[in-house]
Amino acid sequence: MDMEKTTGSNLNKYFEIIGLLYGCNHTNFIEKELWENAAAEYGIDGTQLFNKFGAIHKKYFTIFRQNMTFQKCEDFDFFFADDDFLILLQTICADNSEWFDNDFSGVTDDTIILAIINELLEGKEFDVVPPLNEIITLLQSTKYSTNICWKLMVLIQSPKKKMESLLNFIKQNIVAYQKAIDAIKKPLDKLLTDFPNGNYMSKNILKDVNPTPILIYPAIEIVNSRTAYVGLFAKDVYKHIEKVRSSQKKLLPALKALGDSSKFDILLTLLTAPKYNLELAEKLNLSAATVSHHMNVLLSNQLVNVEKKDGRVYYTISKETLRDLTNQISSIFSL
């Protein structure tokens, strides 16, 4: 089966196909309600946002599902049941596309294990595989759930065998992916042409990294200290946010964010010192994925700032924004 890159597209097919396969295992993946709930987190019009890009994403997903090869087996459930585990798989495979583009038989167990543990641990870079007991300690430090840690251990104990199984799922669905791409070729080409000029939150902290466009999650960013995967509609989300901020209603998204207990706790924690994602997850007993979701909302409302330091992405509270908010409230209510 031909594994060459799709002509005219610089989406990463491994990232996309893994996400599409996950979506086929979760029936509510493209429901309008999901987009509206996500938009509500940012204080913007969910219906307008869905009307803007929902149809393209739905067609992309629907055509893939109509043509996919679906194998409901133990390995399928292993890979495509948990969203936290899925995003790890997507970034690991996309960051190491050469494994699949070239002869996979030349990829070693150690190469895969190193890619996994280096993906998990921001700011650290292992050149050789550490002992098993050290790997277990490292996994525990990530604060992923017990189930995700178990899956990572299964993957680390049989890395090549498991990756070959995942590669098989991908190969079986290259044709389905190509048909889905062809079905939306015209709007996709325009989005890809416009993408380098788009705005994205990670732009300031990953100046030396070219972001990879993604369509499977069209309005979010997945960022670590080395890579950025940015939804093709992310800039449209920011345009909506800026439109809201241009009026008196610009207070509402920030107040909505402050009204969420987890986001409020994150801000209180950042009062003491800058922290990176896993520190916040450990401090607040949240998953890394949940913290990333909250940080996206706080970043979009400029309630936190970000900086790259010692190989990690650190968050700091934006005292200037908080002062502006209190001044605006005082002005509006003539306090």
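All of these numbers come straight from a predicted model, not from anything done at the bench.

The subject of this paragraph is unusual backbone geometry. Located in the positive-phi region is Asn285, a residue other than glycine, with phi close to 60 degrees. With respect to the secondary-structure elements, Asn285 resides in the loop between α16 (277-284) and α17 (288-300). Non-glycine residue Gln302 carries a positive phi angle of around 55 degrees. On the secondary structure map, Gln302 appears in the loop between α17 and β5 (304-309).

Consecutive side chains along a regular strand alternate between the two faces of the sheet. Where burial is concerned, most of strand β6 (residues 312-317) is hidden: six out of the six residues are buried. Residues Arg312, Tyr314 and Thr316 point to one face of β6 and Val313, Tyr315 and Ile317 to the other, with burial holding for every one of them. Where strand β4 (residues 275-276) lies against β6, two bridges are found, and the strand directions are antiparallel. Bridge pairing links Tyr276 to Tyr314 in β6. Across six bridges, the pairing between β5 and β6 is antiparallel. Directly across from Asn305, in β6, lies its bridge partner Thr316. Between the antiparallel neighbours β5 and β6 lie two residues, among them Asp310 with a positive phi of about 55 degrees.

Turning our attention to the pairing of strand β3 (residues 228-231). Taking every second residue as pointing to the same face, both faces of β3 are buried, with Ala228 and Val230 on one and Tyr229 and Gly231 on the other. Summarising the sheet, strand β1 (residues 212-214) and β3 pair through three bridges and their orientation is parallel. Across the sheet, residue Pro213 finds its bridge partner in β3, namely Val230. As judged from the three bridges shared by strand β2 (residues 221-223) and β3, these two strands associate in the antiparallel manner. Among the inter-strand pairings, Glu221 is bridged to a residue of β3, identified as Val230.

Predicted confidence across the chain gives a mean pLDDT of 83, with 84% of residues reaching 70 or more. Across the chain, element-level confidence peaks in helix α11 (residues 174-183) with a mean pLDDT of 96 and bottoms out in helix α2 (residues 32-41) with 68. Counting contacts from residues 1-9, a segment whose pLDDT is below 50, to residues more than four positions away or on other chains yields 21 contacts.

Across all of its chains, the model carries five salt bridges by this definition. Between Lys13 and Asp101 there is a salt bridge, with the nearest N and O atoms lying 3.9 Å from each other. Of this pair, Lys13 sits in helix α1 (residues 13-24) while Asp101 sits in helix α6 (residues 98-101); the two residues are 88 residues apart in sequence, bridging distant segments of the chain. Residue classification places Asp101 among the partly exposed positions, given a relative accessible area of 33%. Between Lys162 and Asp75 there is a salt bridge, with the nearest N and O atoms lying 2.6 Å from each other. Residue Lys162 is found in helix α10 (residues 159-172), and its partner Asp75 is found in helix α4 (residues 74-80); the two are separated by 87 residues along the sequence. For the pair shown, Lys162 and Asp75 are each scored as buried.

It is worth spelling out the side chain of Glu119 at this point. Tracing the backbone shows Glu119 in helix α7 (residues 109-120). Within the structure, the side chain of Glu119 is placed 3.4 Å from the side chain of Thr91, a separation counted as a polar contact. With residues up to four places along the chain from it excluded, the contact list for Glu119 reads Leu88, Thr91, Ile92, Asp95, Asn224 and Arg226.

Quick look at the environment of Ile116 now. Looking at where Ile116 falls in the secondary structure, it is placed in helix α7. A residue is classified by how much of its surface remains accessible, and Ile116, at 0% relative accessible area, is buried. For the pair Ile116 and Leu152, spaced 36 residues apart in sequence, the C-alpha separation works out to 8.4 Å.

Turning our eyes to something else, we now look at α1. Each turn of an α-helix holds 3.6 residues, which means side chains three or four residues apart point in the same direction. Between its first and last C-alpha, α1 extends 16 Å over 12 residues, near the 16 Å set by a 1.5 Å rise per residue. Counting buried residues in α1 gives 12 out of 12 residues, a clear majority hidden from the surface. Along α1, the residues that are buried comprise Lys13, Tyr14, Phe15, Glu16, Ile17, Ile18, Gly19, Leu20, Leu21, Tyr22, Gly23 and Cys24. Regarding α1, its N-cap is Asn12, as a side-chain oxygen of that residue lies 3.0 Å from the backbone nitrogen of Tyr14 further along.

This part covers the environment of Ile181. Inspection of the secondary structure assignment puts Ile181 in helix α11. The sequence separation of Ile181 and Phe61 amounts to 120 residues, and the corresponding C-alpha distance is 9.6 Å.

Applying the stated criterion to the full structure yields 14 aromatic pairs. Aromatic side chains Trp99 and Phe100 sit 6.2 Å apart centroid to centroid with 85 degrees between the ring planes, which places their arrangement in the edge-to-face category. A relative accessible area of 4% means that Trp99 is categorised as buried. Accessibility expressed as a relative area gives 4% for Phe100, which makes it buried. One aromatic cluster is present, formed by Phe76, Phe78, Phe79, Phe80, Phe85, Trp150 and Phe169 through successive ring pairs. Across the ring face of Phe78, the terminal group of Lys151 is positioned such that the distance to the ring centre comes to 5.5 Å. Above the plane of the ring of Phe78 lies Lys162, whose end atom (NZ or CZ) is 4.4 Å from the centre.

Here is what the cut-offs are and how they apply
- Residues numbered from 1 in each chain as written.
- Predicted model: local features only at pLDDT ≥ 70, side-chain atom pairs only at ≥ 80, totals over all residues.
- Heavy atoms only, no water.
- Helix = DSSP H or I, 4+ residues; strand = E, 2+ residues; numbered from the N terminus.
- Buried < 20%, exposed > 50% of the residue type's maximum accessible area, 1.4 Å probe, protein only.
- Pairing = 2+ DSSP bridges.
- pLDDT = per-residue confidence, 0-100.
- Contact = heavy atoms within 4.5 Å.
- Salt bridge = Lys/Arg side-chain N within 4 Å of Asp/Glu carboxyl O.
- Polar contact = N/O pair within 3.5 Å; in protein donor to acceptor, adjacent residues only side chain to side chain.
- Expected span 1.5 Å × (residues − 1).
- Phe/Tyr/Trp six-rings, centres within 6.5 Å; stacked < 30°, edge-to-face > 60°.
- Lys NZ or Arg CZ within 6 Å of the ring centre and 35° of its normal.

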